[in-house]
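# Residue-level structure breakdown
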Amino acid sequence: MLRFKILASVVPLLAAAVFARSEIGSVSHPCIAIGETSVELASLFWTAGIQVAFTDDPAQATVRVQITDDADVADFAVVDDGASEEPSACQGNPSTRLVAISGQPGGDRPTIYLSSEGPADYRIYVRSKTFSQREAAALIVGARGGQRHLQAASL
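### Topic: the nonpolar core
- In terms of nonpolar packing, the biggest core is built from 25 residues, with Ile32, Val65, Ile112, Ile124, Phe131 and Val141 touching the most fellow members.
- Breaking this core down by element, the ones donating at least two residues are strand S1 (31-34), strand S2 (37-41), strand S3 (50-55), strand S4 (63-67), strand S5 (76-79), strand S8 (122-127) and helix H2 (133-143).
- Sorting elements by how many residues they give to this core places H2 first, with seven residues.
- Residues within four places of Val65 in sequence aside, it is in contact with Ile112, Tyr113, Leu114, Ser115, Ala120, Tyr122, Ile124, Ala137 and Val141.

Given below as structure tokens:
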């Protein structure tokens, strides 16, 4: 019986250690810097200060993000095939804002309609090995807390 109690107390500790190690040793998440603030995608939704969701129905969207093929007309462009000009721009700091992508639209979270046409609150250009179009849209919307106007951002 004593062995069972020891085993029962060790298993949760091992699980917590494995979970913590995977979080600490994980690769960096997509991140942008806006002024003195960094905005990063969170791997754990409960650590995020803001959650965003995506919808395929433009009527349900609170924010519209258009994907463009022309970087010159984009409000935000992600091109990370080369070396970054600002290698420390997204280092974690106390002012880092964490954003999570929720699977469920609704509630108070911004709901993003991502398309290649139509009116848009933001226009993004994404050519990246590390950012998906959805991740870039989530970061842009999360950077402003779901509001529609954004200042210049960098990787």
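### Some words on H2
- With eight of eleven residues buried, H2 is to be regarded as a mostly interior element.
- Three or more residues of H2 are buried, namely Ala136, Ala137, Ala138, Leu139, Ile140, Val141, Gly142 and Ala143.

### Points about the packing of aromatic side chains
- Tallying each qualifying case throughout the model produces zero aromatic pairs.
- Over the ring of Phe54 we find Arg134; its NZ or CZ atom is 4.1 Å from the centre of that ring.

### Here's the deal with the sheet that holds S1
- Read across the open sheet, the eight strands follow the order S1-S2-S6-S3-S7-S4-S8-S5; overall the sheet is mixed. On the outer flanks of this sheet lie S1 and S5, each paired with one strand and no other. Pairwise comparison of adjacent strand axes, ignoring direction, gives a mean angle of 30° for this sheet.
- Bridge analysis of S3 against strand S7 (residues 111-115) gives three bridges, and the strand direction is parallel. Counterpart to Ala53 in the pairing with S7 is Thr111.
- Sitting on the sheet, H2 is in contact with S1, S2, S3, S4, S5, strand S6 (97-102), S7 and S8, with an inclination near 140° to S8.

Rules and cut-offs
- Residue indices begin from 1 for each chain and proceed along its sequence in written order.
- Note on the predicted model: pLDDT of at least 70 is required for a residue's local features to be given, and 80 or more for side-chain atom pairs to be given and counted; whole-chain, interface and lining totals, by contrast, use all residues.
- The side-chain numbers reported here are obtained from all heavy atoms of the structure, hydrogens and water having been left aside.
- Within this scheme, the nonpolar core is defined by two criteria: the residues are buried Ala, Val, Leu, Ile, Met, Phe, Trp, Tyr or Cys, and they are joined through side-chain atoms within 4.5 Å.
- With a 1.4 Å probe rolled over the protein chains alone, any residue whose accessible area is under 20% of its type maximum counts as buried; one over 50% counts as exposed, and the rest are partly exposed.
- Runs of H or I in DSSP of at least four residues are treated as helices and runs of E of at least two as strands, each being numbered from the N terminus.
- It only takes one pair of heavy atoms within 4.5 Å for two residues to be counted as in contact.
- Note on ring pairs: Phe, Tyr and Trp rings are taken, using the six-membered ring of Trp, and paired if centres are within 6.5 Å. Classes follow the plane angle, with under 30 degrees stacked, over 60 edge-to-face and the rest tilted.
- Over a ring means this: the NZ of a Lys or the CZ of an Arg is within 6 Å of the ring centre and within 35 degrees of the ring normal.
- Pairing between strands is defined by DSSP: at least two bridges between them are needed.
- Every axis in this analysis is a line fitted to C-alpha atoms, fitted for helices over the stretch in contact. Angles between the N-to-C directions lie between 0 and 180 degrees.

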